[in-house]
Amino acid sequence: MPSSSLIDSTLLICMQCKTPLQAAHQAYQCSECERLYDAGKAQDIPLPIAFFEEPKQVYADAYLGFYRAYKHFDQKAVQLTEGLKKSGRKKELLPVLKAFKDNQKYFTRFAEALAPSVDLPTLLEKAGKNAGQKYGYDFNYLERDWSQQPRAQLEISNLMSIVQKAVKHCSGEHAVVLGAGMGRLATELKAHHKQVTAIENSLGQIAQFYALLQQPNHFWRVNTINTRKDNDLLKKVNLQIPKALLADAKSVDYIWADACNSPLADRSVDVLYSIYFSDVVPLTKLLAESKRLLTEGGCFVHLGPLHYHFSDITQHYSLETFCAQLVQHGFVLQHQSEHEPVNIDDEGLQRSQQYFNALIVAKYDSAQDQHAEDKSSVTESS
Ligand SMILES: C[S@@+](CC[C@H](N)C(=O)[O-])C[C@H]1O[C@@H](n2cnc3c(N)ncnc32)[C@H](O)[C@@H]1O
Ligand SMILES: [Zn+2]
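To start, this report covers the structure provided alongside it.

The secondary structure content of the protein chain amounts to twelve helices and 13 strands. Buried residues in the protein chain amount to 38% of all 382 residues.

Pasting the structure below:
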């Protein structure tokens, strides 16, 4: 069994008592409260160390995500097998059946790898409630990050050219990528920062990234509507970390944690990248954690839409108020611009709504923050 990769970092603190953590054998242990942080057991895919209050819950979530993705393709395969008993279209549809089974195998492998880490009662409880991770099982980010197809490459290079504008304002050795998904952007950012830490709470995505670090893989896109030729029914999507990026991809420190409650030490981060992430968590949480992590003068970089993926509308800020909130929390705006959306998979959404990507760069200034806090307490008490 391959071992989990220990994060090459001295920046971790115990989530319970905030003491700096020490690396023990394939794990971290707190010398003060003795809490142990370790990785689950997996068959052939290395797993990251779990930095959560309740690791049982997050393993069950991840397992359910893979199980549901597997079940989706399993059902497609069963339906098509039935249909083919009566249909004369075997020649063009048998390869489709094979693609469904292949996709099913893609996810089964991850579910099986995770199974030894999953606590059965927790899993049953979650399954009954229809819980489970929602990101990372639809192939979209995987395809964008690691398929190297022209449209995917274009999206990455468009995104990175916008990020370049931020990098001009924010140098610094240690960068953190929040909600880092399949890892491509964190990997690209290694060109600009000596140390890049990626934080992600979906084990599903980290496990797929770790598996790709070991060897290439593939999945199939099946499309049965609006096809011109039978050949358009199927597209094989090869997945590989480009050789030129492999060393950078391997050197990203990947932390499996809640980006709003991570084990990184206070004031340990020079640049914090919130790329396609600021609209997945409430801004109050994001800003509180950003202020804790950033060094004095450290940079917060937002890039993406404000498409809010949570239901609390009191935290659905317009771009204007988003910026005002940053200022109120002690950030000094350095740059603000808007950019055409670059998503490869969401053209309909882009046409149907006002959809824009904003880039905001802001520096943290604790003196200004103190000022803002004083002002708000005066307003509250008056
Ligand atoms: C819209 S996706 C963007 C992914 C990545 N930033 C990119 O652009 O490729 C949002 C990501 O944030 C992750 N995420 C959501 N809530 C999180 C949290 N509280 N902590 C860490 N990651 C989170 C999701 O799993 C998902 O990978
Ligand atoms: Zn501790």
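There's more to say after this.
Among the 19 residues in the neighbourhood of ligand 1, the closest are listed as Gly-179, Gly-181, Asn-201, Ala-259 and Tyr-276. Looking at side-chain class alone, the shell around ligand 1 contains twelve nonpolar, five polar and two charged residues.

Tyr-63, Phe-66, Val-176, Val-177, Leu-272, Tyr-273 and Val-301 are the most contacted members of the largest nonpolar core, which has 98 residues in total. Contacts of Val-177, omitting those with residues within four sequence positions, involve Leu-185, Ala-186, Leu-189, Val-196, Ala-198, Tyr-273 and Ile-275.

Turning our eyes to something else, we now look at the pairing of strand S1 (residues 21-24). Bridge count for S1 against strand S2 (residues 27-30) is four bridges, and the pairing is antiparallel. What sits directly across from Leu-21, in S2, is Cys-30. From the end of S1 to the start of S2, which pair antiparallel, there are two residues, and Gln-26 there has a positive phi angle of about 50 degrees.

Time to look at the sheet that holds strand S9 (residues 253-257). The eight strands are arranged S4-S9-S6-S5-S10-S11-S13-S12 in an open sheet whose pairing can be described as mixed. Single-partner strands in this sheet number two, and they are strand S4 (50-51) and strand S12 (331-339). Judged from the eight bridges that link them, S12 and strand S13 (residues 357-364) form a sheet pairing that is antiparallel. Residue pairing for S13: Leu-333 is matched across the bridge by Ala-362.

For sheets, the rule is that strands pair by backbone hydrogen bonds, running either parallel or antiparallel. Across the sheet, three strands lie side by side as S1-S2-S3; this open sheet has antiparallel pairing. Both edges of this open sheet fall to S1 and strand S3 (36-38), since each of them pairs with a single strand only. Each strand of the sheet is rotated relative to its neighbour by a mean of 30 degrees, with strand direction disregarded.

Another point: unusual backbone geometry. The phi dihedral of Phe-139 is positive, around 70 degrees, even though this residue is not glycine. Judged by the 19 C-beta atoms lying within 10 Å of it, Phe-139 falls in the partly exposed class. Here the phi dihedral of Tyr-276 falls at roughly 50 degrees; this positive angle occurs in a residue that is not glycine.

The next subject is the environment of Cys-14. Along the chain, the position of Cys-14 falls in the segment before S1. C-alpha separation for the pair Cys-14 and Ser-31, spaced 17 residues apart in sequence, amounts to 9.1 Å. Sequence-distant contacts of Cys-14, that is, excluding residues within four places in its chain, are made with Thr-19, Leu-21, Cys-30, Glu-32, Cys-33 and Arg-35.

In contact at an axis separation of 8 Å, helix H1 (residues 55-86) and helix H2 (residues 90-114) are set at 160 degrees when each is read in the N-to-C sense. By the angle between their axes, H1 is roughly antiparallel relative to H2. The handedness of the crossing between H1 and H2 is left-handed.

Helix length check: helix H5 (residues 150-167), at 18 residues, gives a terminal C-alpha distance of 25 Å against a target of 26 Å (1.5 Å per residue), a fit within 8%. Against the buried residues of H5 lie helix H4 (140-146), helix H6 (184-189), strand S11 (294-304), S12 and S13.

Moving on to the environment of Phe-110. The topology assignment puts Phe-110 in helix H2. With 98 residues separating them along the chain, Phe-110 and Gln-208 place their C-alpha atoms 8.0 Å apart. Sequence-distant contacts of Phe-110, defined by excluding residues within four places in its chain, comprise Ile-45, Phe-66 and Ala-207.

What counts as what
- Residues numbered from 1 in each chain as written.
- Chains lettered and ligands numbered in written order.
- Predicted model: local features only at pLDDT ≥ 70, side-chain atom pairs only at ≥ 80, totals over all residues.
- Helix = DSSP H or I, 4+ residues; strand = E, 2+ residues; numbered from the N terminus.
- Buried ≥ 20, exposed ≤ 12 C-beta atoms within 10 Å, placed from the backbone.
- Near = placed C-beta within 6 Å.
- Nonpolar A, V, L, I, M, F, W, Y, C, P; charged D, E, K, R; others polar.
- Core = buried A, V, L, I, M, F, W, Y, C linked by C-beta atoms within 7 Å.
- Contact = placed C-beta atoms within 7 Å.
- Pairing = 2+ DSSP bridges.
- Axes fitted to C-alpha atoms, helices over the stretch in contact; angles between N-to-C directions.
- Parallel < 35°, antiparallel > 145°, perpendicular 65-115°, else oblique.
- Left-handed = near helix turned anticlockwise from the far one by under 90°.
- Expected span 1.5 Å × (residues − 1).

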